[in-house]
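Working through the structure, step by step
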Amino acid sequence: MPSWSAKAALTDSLTYKIEAQATVGSGDNTPLWLNANKYGLSSLTPNNGYLRTALERPLTADSGRTWGLGYGVDMAGAYNSTSSFILQQAYIEGRFRKSTLLIGSKQLPMEMKNPELSTGSQVMGINARPVPQVRVSWPGYVDVPLTARWLQFKGHLAYGWFTDGGFQKDFADGRSRYTSGVLFHSKAGFLKLQKPDAPFSFEIGMEMGCQFGGHVYAPTGDGYREVNVNAVTLRSFWRALVPAGNDGDDANPDMPYQGAEGNHLGAWLLRLNYERPTWAVHLYGEHYFEDLSAMFQLDYDNYTTGSKWMEKHGHRFLLYDFKDMLAGVEVNLKQVTWLNSIVFEYMYTKYQSGPIYYDHTQYLPDHIGGRDGFQQHSRYNGWQHWGQVMGNPLYRSSLYNTNGNILVEDNRFWAIHGGIAGDPLPGLHYRVLATAQKGFGSYGAPYDDPKRTLSLLGEVGYHLPPNLAPGWSVKCGIGYDHGTLLGNNFGVQLTIAKSGVLHF
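Residues numbered from 1 in each chain as written. Predicted model: local features only at pLDDT ≥ 70, side-chain atom pairs only at ≥ 80, totals over all residues. Heavy atoms only, no water.

Now for the nonpolar core. Leu32, Trp33, Phe162, Trp383, Leu394 and Tyr395 are the most contacted members of the largest nonpolar core, which totals 54 residues. With 4 residues, strand S9 (residues 183–193) is the single largest residue contributor to this core. Sequence-distant contacts of tryptophan 33, that is, excluding residues within four places in its chain, are made with Lys38, Thr119, Pro393, Leu394, His417, Arg431, Leu433, Thr435, Ser455 and Leu457. (Core = buried A, V, L, I, M, F, W, Y, C linked by side-chain atoms within 4.5 Å. Buried < 20%, exposed > 50% of the residue type's maximum accessible area, 1.4 Å probe, protein only. Helix = DSSP H or I, 4+ residues; strand = E, 2+ residues; numbered from the N terminus. Contact = heavy atoms within 4.5 Å.)

This is the structure:
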């Protein structure tokens, strides 16, 4: 193990990166896959770009120690973007054994999916700008005691704050409501079952997010008025961690239906893996939910009438159909350089517990909890940051809206998606994506006719030989959208980067 005197300087393994990107195109928007899943450092304006600089000391620099320290700062000057200066990342993190503490905003990976070829996760994706937070995690699997290494666990718990209140006000521009000062909470836990050294393994887990606190403003015709102050107390943090009741507006003692603290949402994730020395296959699935009934596909429905209409009697439940899902398969060909990764996904979000919502009353005991409104909320503007959905970008982000509405207008859709990637020559890497989607709007505002889109991407990247130009790389992508959902768009994106290690 390295000693303090040998490798303890906090500037050891400090890396830098300078990156310039330009996108030119035609149409109403930047093509989907030239914009999506880039941690929000992108723009829908067809002609855009940025100059980015970053310094980072990764935690892996201390991989030989029981403790570790990492930090980073990453900023960009951008044009035709949501802001001209972007502080993309600014964080410090510490590790002791296998647990970590993160303070600040950092680009975090998504779980159980290929970040290059998948459409993305539905809750903790890579589509929006990072949220500043305080996060405790076990990012890698650790053995669960007394299980003979058959069972492993990983997860995280975080609280933070959204930074897009000013952007929301400018985007809404007096035409729709916006929020400011909203707080963030997320948590996740995963289990992995595998006999030591066996090729099969099974992973299952849950991710949950919450928006709470903050201020809600509504347009008045000549400005804005504050319509709600979501007061924050220590109890608010606890109720964000452990929801009380179904998701909805904050609990009001004058109302019989008690809601949870803020906007809660989540997803179940699972993956089955089979690993061989030369190839591997992974089957995975994800089920999104906006409330407790969709979380378990089960709702209580045995109320009575009269003076005891709020009391539960017996054990009658309503079972919802299991329709909404993301299902995928990934194949890795470890010894085939020209085609080493293949992904296929199917996504369906039309059901949302059904088209009818009715809460029981003292006169009518039936309860049907449908119309869940994926990625929407009656008070907050949905699970998004700086106009980009924080989950899967196939939920059409509010940046596409031209009416100032900060909400996902198309949350009921189905889509099929495929992606391939390979390294045909040393230093040369490519990927190809193709997505077909049919959108139906939302239950509250359905489209008169379904809208369709076909989104394509072809991208090639090349790392120049170290003996000729160490640390230099260039990447070119061509994107295309065709249809009424996202518009007819074409774009070319060029990225040039220089990276290396700073020596002191």
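Attention shifts here to the confidence of the model for the protein. Here the protein averages 91 in pLDDT, while 95% of its residues score no lower than 70. Every residue in residues 1–6 is under pLDDT 50, and counting partners more than four places away or in other chains gives 8 contacts. Here residues 247–258 is modelled with pLDDT under 50, and outside its nearest four sequence neighbours on either side it reaches 34 contacts, counting other chains as well. (pLDDT = per-residue confidence, 0-100.)

Bridge count for strand S3 (residues 67–79) against strand S4 (residues 85–96) is 11 bridges, and the pairing is antiparallel. Across the sheet, tryptophan 67 pairs through a bridge with phenylalanine 96, a residue of S4. Taken together, S3 and the strand that follows it, S4, pair antiparallel across an intervening segment of 5 residues, in which asparagine 80 is found at a positive phi of about 55 degrees. In the sheet, S4 pairs with strand S5 (residues 99–105) via 7 bridges, with the strands oriented antiparallel. Along S5, the bridge assignment pairs arginine 95 with threonine 100. Following S4, the chain reverses through 2 residues before pairing antiparallel with S5; arginine 97 in that reversal takes a positive phi of roughly 55 degrees. (Pairing = 2+ DSSP bridges.)

Per the stated rule, a full pass over the model turns up 14 salt bridges. Notably, a salt bridge pairs glutamate 19 with lysine 17, separated by 3.4 Å at the nearest N-O pair. Using a relative accessible area of 9% as the deciding quantity, one classes glutamate 19 as buried. Overall, the relative accessible area of 38% leaves lysine 17 in the partly exposed class. (Salt bridge = Lys/Arg side-chain N within 4 Å of Asp/Glu carboxyl O.)

Once that is clear, we can look at helix H3 (residues 234–241). Residues of H3 that are buried: Ser236, Arg239 and Ala240. The buried side chains of H3 occupy one side of the element, clustering within an arc of 105 degrees when seen end-on. Seen from the buried face of H3, the exposed residues on the opposite side, beyond 90 degrees, are Leu234, Arg235 and Trp238. (Arc of directions from axis to C-beta.)

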